Amino acid sequence: GAVVSQHPSWVICKSGTSVKIECRSLDFQATTMFWYRQFPKQSLMLMATSNEGSKATYEQGVEKDKFLINHASLTLSTLTVTSAHPEDSSFYICSATDQQGIYSPLHFGNGTRLTVT
Amino acid sequence: KQEVTQIPAALSVPEGENLVLNCSFTDSAIYNLQWFRQDPGKGLTSLLLIQSSQREQTSGRLNASLDKSSGRSTLYIAASQPGDSATYLCAVDNNAGNMLTFGGGTRLMVKP
């Protein structure tokens, strides 16, 4: 079946540094990728939607200059947390789909645990 | 704006029990509803997807129902096992673009 690989699975960084998270579709072309954030004991919240070759669409309240999303190819999207702060510590999950419409399946990565010290 | 609520937030049952997880949503104009499982610190595993035109889906010991008009879905787990312990999330898609709105999840613990 379709697989989405997310890397790294966890990362610890110092406040003020930037961290890049990769999301790859391994056996399908992901026309659209989604980035979610999950704080402890809370549900997932959609951060942004990225379509290959175009700018990402950010949800209200998500700073696009802080969370840089690049979807340069049909198999790779990256999320860069710039100038990370402790409040950015969270679990980040990407998902990808290769189709549009109500029958299109979503495939999720295993997530990245970011801790900012 | 779509809001998704899951009740209960946490549930602890002995092994072998049949159980029901509830999901409600405020905007009934959905394209589909999905149930996911999330193990601690892990990503999501899709369990069942119900299209808006469907009323239920079954996979093994899992059965999900959908009542769009009342804005409700239930996930029925038969003969629960300790391996079923996880957080179960429901999510709705309002615009066929796979931009899901998630519920808060139900943390299930099945005790041996």
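Scroll up to find the structure.
Below or above, wherever it landed, is the structure these notes cover.

Rules behind the numbers
- Residues numbered from 1 in each chain as written.
- Chains lettered and ligands numbered in written order.
- Predicted model: local features only at pLDDT ≥ 70, side-chain atom pairs only at ≥ 80, totals over all residues.
- Heavy atoms only, no water.
- Phe/Tyr/Trp six-rings, centres within 6.5 Å; stacked < 30°, edge-to-face > 60°.
- Helix = DSSP H or I, 4+ residues; strand = E, 2+ residues; numbered from the N terminus.
- Buried < 20%, exposed > 50% of the residue type's maximum accessible area, 1.4 Å probe, protein only.
- Pairing = 2+ DSSP bridges.
- Axes fitted to C-alpha atoms, helices over the stretch in contact; angles between N-to-C directions.
- Contact = heavy atoms within 4.5 Å.
- Disulfide = S-S within 2.5 Å.
- Salt bridge = Lys/Arg side-chain N within 4 Å of Asp/Glu carboxyl O.

## So, the packing of aromatic side chains
Stage number 1. Overall, the coordinates contain 6 aromatic pairs over all chains when judged by the stated rule.
Stage number 2. Taken together, a centroid distance of 6.1 Å and an interplanar angle of 40° make the contact between A:Tyr36 and A:Phe108 tilted. Taken together, the residues A:Tyr36 in strand β4 (residues 32–38) and A:Phe108 in strand β10 (residues 107–108) connect sequence positions 72 residues apart.
Stage number 3. By relative accessible area, A:Phe108 is classed as buried at 11%.
Stage number 4. A centroid spacing of 5.7 Å and a plane angle of 40° characterise the contact between B:Phe36 and B:Phe102, whose relative ring orientation is tilted. With B:Phe36 in strand β4 (residues 32–38) and B:Phe102 in strand β10 (residues 100–102), this pair connects stretches of sequence that are 66 residues apart.

## What to know about the sheet that holds strand β3 (residues 19–25) of chain B
Residues and elements named next belong to chain B.
Stage number 1. Strand order in the open sheet made by the 5 strands is β1-β3-β8-β7-β6, with antiparallel pairing throughout. Every interior strand has two partners, whereas the edge strands, β1 (4–7) and β6 (56–59), have only one. Within this sheet the neighbouring strands show an average axis-to-axis angle of 15°, counted without direction.
Stage number 2. Note: strand β7 (residues 62–67) against strand β8 (residues 72–77), 6 bridges, orientation antiparallel. Looking at β8, one finds that Asp67 is bridged to Arg72.

## So, the environment of B:Thr58
Residue and element names in this part refer to chain B.
Stage number 1. The topology assignment puts Thr58 in strand β6.
Stage number 2. Its relative accessible area of 52% is what places Thr58 among the exposed residues.
Stage number 3. Expressed as a C-alpha distance, the spacing of Thr58 and Gln6, which sit 52 residues apart in the sequence, is 20 Å.
Stage number 4. Other than its neighbours up to four places away in sequence, Thr58 contacts Leu48 and Asn63.

## Quick look at the state of the cysteines
Between two cysteines, a covalent bond joining their sulfur atoms is known as a disulfide.
Stage number 1. With the rule as written, the count across this model stands at 2 disulfides over all chains.
Stage number 2. Each sulfur in the disulfide pair A:Cys23 and A:Cys94 lies 2.0 Å from the other. Its S-S torsion of approximately 80° makes the covalent link between A:Cys23 and A:Cys94 right-handed. With a gap of 71 residues between them, A:Cys23 in strand β3 (residues 19–25) and A:Cys94 in strand β9 (residues 90–97) connect regions that are remote in the sequence. A:Cys94 carries the same exposure label as A:Cys23, and that label is buried.
Stage number 3. A disulfide bridge connects B:Cys23 with B:Cys90, and the sulfur atoms are separated by 1.9 Å. Since a negative S-S torsion denotes a left-handed disulfide, the B:Cys23-B:Cys90 link at about 70° is right-handed.

## Observations concerning the pattern of salt bridges
Any two side chains of opposite charge can pair if their charged atoms end up close together.
Stage number 1. Going through the model one piece at a time under the given rule, you end up with 4 salt bridges over all chains.
Stage number 2. Two residues, A:Asp88 and A:Lys66, come together in a salt bridge whose shortest N-O distance is 2.8 Å. Of the two residues, A:Asp88 is situated in the loop between β8 (76–81) and β9 and A:Lys66 in the loop between β6 (57–58) and β7 (67–73); the sequence distance between them amounts to 22 residues.
Stage number 3. Take A:Lys66: its relative accessible area is 12%, and that puts it in the buried class.
Stage number 4. We note a salt bridge from B:Arg61 to B:Asp84, for which the minimum N-O separation is 2.8 Å. With a gap of 23 residues between them, B:Arg61 in the loop between β6 and β7 and B:Asp84 in the loop between β8 and β9 (86–93) connect regions that are remote in the sequence.

## Comments concerning the sheet that holds β3(A)
Residue and element names in this part refer to chain A.
Stage number 1. Spatial ordering of the open sheet is given by β1-β3-β8-β7, a layout of 4 strands whose pairing is antiparallel. Strand pairing shows two members of the sheet lacking a second neighbour, β1 (4–7) and β7, which therefore form its edges. Within the sheet, the average angular offset between the axes of one strand and its neighbour, ignoring direction, is 15°.
Stage number 2. As paired strands, β3 and β8 are joined by 6 bridges and run antiparallel to one another.

## So, the pairing of strand β11 (residues 112–116) of chain A
All names here are of chain A.
Stage number 1. The side-chain alternation of β11 yields one buried face, formed by Thr112, Leu114 and Val116, and one unburied face, formed by Arg113 and Thr115.
Stage number 2. Alignment of strand β2 (residues 10–13) against β11, held across 4 bridges, turns out to be parallel. Pairing of Val11 across the sheet is with Leu114, part of β11.
Stage number 3. As judged from the 3 bridges shared by β9 and β11, these two strands associate in the antiparallel manner.

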